[in-house]
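Observations on the model geometry
In case you want the letters, here they are:
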Amino acid sequence: MKQLARRYCTWKNIDKDIENLVKSCKDCLSTQNNPPKAPVHHWDPPSTNWERIHLDYAGPFQGYYYLVLIDAKSRWAEIKANQ
């Protein structure tokens, strides 16, 4: 909101005025914590190799995309490059 306001106008203490406006806005206060933050899930350590894997794409890097797979227990990495 501050950044948007600064695009069109400016005055002394613009940031503080916008903060005060938002803190006193009933609609803003009613939705302040919606939705509530989800609790962080901590993974249990896997008991065997390849029980849980992490998979992601990386790239483009030097004209290639990479499929990256990592075993959660051994930290073994498998990487496959695709054009």
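Rules behind the numbers
- Residues numbered from 1 in each chain as written.
- Predicted model: local features only at pLDDT ≥ 70, side-chain atom pairs only at ≥ 80, totals over all residues.
- Heavy atoms only, no water.
- Helix = DSSP H or I, 4+ residues; strand = E, 2+ residues; numbered from the N terminus.
- Rg over C-alpha atoms; globule rule 2.2 N^0.38 Å.
- Buried < 20%, exposed > 50% of the residue type's maximum accessible area, 1.4 Å probe, protein only.
- Areas by Shrake-Rupley, 256 points an atom, 1.4 Å probe, with all protein chains shown as cover.
- Lys, Arg positive; Asp, Glu negative; His and termini not counted.
- Charge placed at Lys NZ, Arg CZ, Asp CG, Glu CD.
- Salt bridge = Lys/Arg side-chain N within 4 Å of Asp/Glu carboxyl O.
- UniProt positions renumbered as here; feature names shortened; annotations may be inferred.
- Polar contact = N/O pair within 3.5 Å; in protein donor to acceptor, adjacent residues only side chain to side chain.
- Contact = heavy atoms within 4.5 Å.
- Pairing = 2+ DSSP bridges.

Concerning the overall build of the protein chain
When its secondary structure is counted, the protein chain shows 3 helices and 3 strands. Computed over C-alpha atoms, the radius of gyration of the protein chain comes to 24 Å, more than 25% over the 12 Å expected from 2.2 N^0.38 for 83 residues, which places it beyond the range of a compact globule. Expressed as lengths along the three principal axes of its C-alpha atoms, the size of the protein chain is roughly 60 × 35 × 20 Å. Considering the protein chain as a whole, with its 83 residues, one finds that 10% of them fall into the buried category. Counting every atom, the protein chain has about 7,800 Å² of accessible surface; 56% of that belongs to carbon and sulfur. For the protein chain, the distance from the average position of its 12 positive side-chain charges to the average position of its 9 negative side-chain charges is 9 Å.

Some thoughts on the pattern of salt bridges
Oppositely charged side chains are able to pair whenever their charged atoms sit close together. Counted by the stated rule, this structure contains 2 salt bridges. With a closest N to O distance of 2.7 Å, E19 and K2 form a salt bridge. Pair noted here: E19 is in helix α2 (residues 14–23) and K2 is in helix α1 (residues 2–8), with a separation of 17 residues, a long-range link. On the basis of relative accessibility, which here comes to 28%, the residue K2 falls in the partly exposed class. Residue R6 is joined to D15 by a salt bridge in which the shortest nitrogen-to-oxygen separation is 2.7 Å. With a relative accessible area of 29%, D15 lands in the partly exposed category.

Quick look at the UniProt feature "domain: Integrase zinc-binding" (unreviewed entry) in the protein chain
UniProt records the feature "domain: Integrase zinc-binding" (unreviewed entry) for residues 1–33 in the present numbering. Within the segment residues 1–33, helix and strand shares are 67% and 0% respectively, and the terminal C-alpha atoms sit 18 Å apart.

A short note on the side chain of D71
Looking at the element boundaries, D71 is found in strand β2 (residues 64–71). Despite its burial, D71 remains without a salt bridge, the nearest opposite charge being carried by R75 at 7.7 Å. Within the structure, the side chain of D71 is placed 2.7 Å from the backbone nitrogen of W50, a separation counted as a polar contact. Those residues in contact with D71 that lie beyond four places of it in its chain are N49, W50, E51, R52, I53 and W76.

Focus: the pairing of β2
Bridge count for strand β1 (residues 53–61) against β2 is 7 bridges, and the pairing is antiparallel. Across the sheet, residue Y57 finds its bridge partner in β2, namely L67. Two successive antiparallel strands, β1 and β2, enclose a turn made up of 2 residues, where Q62 displays a positive phi of approximately 50°. Direction of pairing for β2 relative to strand β3 (residues 77–82): antiparallel, over a ladder of 6 bridges. Paired with I70 across the bridge in β3 is A77. From the end of β2 to the start of β3, which pair antiparallel, there are 5 residues, and R75 there has a positive phi angle of about 65°.

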